[in-house]
Amino acid sequence: NHTFVKINKPENNQTNLIKTTPKIPTMEEDFNDTYVSINSTVEFAIVIDKKRFFKFIPSLMNALDVYLAQKGINYNVKLYDKDVNLSQIESKDILYFATDENNITQLCDYNKTFYLPLINKNETNTSCENIYFGGIDFKNQIEIISRFIDDKTDVVTDNTIISKKLLNYEKNLTLINNVYRFPNIYYNDLNNSFVIFNISTGKTAQVLSQITQKNIDSKLIFSPQLGYNPLLISLTQSIDIEKLIIANSIIHSPQLINEYARVLNSDIKYNWINFASTVLVNKIYNAQNGEDEFYMSDFNIYIFDNQINY
């Protein structure tokens, strides 16, 4: 028996994805499954902005479902919207999808442990024992990219949370020439220039194709983690990506878990948010079952100083 993901949109615009039960809970949603158990169990809550991440939640829940199922354990996961009163959540472990690093200090005051997949510890001054971070170190990726750059550089960005964060780091690069907000790009200016993409895979492929079509001769083209996706290969020609360098921090993606996730139209190899979330759930499992709290054996990765060590 399997209970699939059930997603609610905000009031006045309710939409149910996949399968639903006759009565949908208004405050929380349960994801329970029972397999042949090895006397282990895991229980935690997820707090996420359902409106902002509506399209992403099915992939996330399927990735977590696959990870927990392959361990052959009993598990119970409850999903809450962002406005929930954290004190009313029974679980002591919460996978918390905060996006603003400036507003997480309040989490220090709760008698609960929070796991933040979207934020890297280097992005905040918060250092509480009950908060663990899973975000990619985008600042470090930009610093490494900058080592390849010795001339004028153009940045292609948009208005997403991640792109704004990346742009904030890139503004410290002394050789920044122009910042273009997709799709408003003056392609001739990309001639004889380094280019950094802060945009999604689909948008990156579109710009790369235009660079080829317009015979633009850029020096090197860079993409941080956002570009690490096989879709980029399928959407472009080989000539489009000859000068492309992509930063990637995910090097220990378990093949079996990822294959099972792909069956459910999910992914932990290229989707860094799914990867970070499953590693943190590995941490939750270890903590609740008396296993190593620093080495996540299922992913061959460590958590040092409350941060996934990419």
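Figured I'd write up the structure that's included with this text. (Residues numbered from 1 in each chain as written. Predicted model: local features only at pLDDT ≥ 70, side-chain atom pairs only at ≥ 80, totals over all residues. Heavy atoms only, no water.)

An α-helical segment advances 3.6 residues per turn. Residues three or four places apart therefore align on the same side. Within helix 6 (residues 255–263) the residues assigned to the buried category are Ile 257, Asn 258 and Ala 261. An end-on view of helix 6 places all buried positions within 95° of arc, on one side of the element. Along helix 6, exposed side chains directed more than 90 degrees from the buried face belong to Gln 255, Arg 262 and Val 263. On the buried face of helix 6, the contacting elements are helix 1 (57–70). Where helix 6 terminates, the next one or two residues include Asn 265, which has phi positive at roughly 60°. (Buried < 20%, exposed > 50% of the residue type's maximum accessible area, 1.4 Å probe, protein only. Helix = DSSP H or I, 4+ residues; strand = E, 2+ residues; numbered from the N terminus. Arc of directions from axis to C-beta. Contact = heavy atoms within 4.5 Å.)

With an omega dihedral of 5°, the bond running from Phe 182 to Pro 183 counts as a cis peptide bond. Relative to the helices and strands, Pro 183 is located in the loop between strand 8 (176–181) and strand 9 (194–197). One non-glycine residue, Asn 265, adopts positive backbone phi at about 60°. Among the structural elements, Asn 265 can be located in the loop between helix 6 and helix 7 (272–288). A residue is classified by how much of its surface remains accessible, and Asn 265, at 70% relative accessible area, is exposed. One non-glycine residue, Asn 300, adopts positive backbone phi at about 55°. For Asn 300, the position within the fold is in the loop between strand 12 (295–296) and strand 13 (301–304). Look at Asn 300 and you get partly exposed, because its relative accessible area is 40%.

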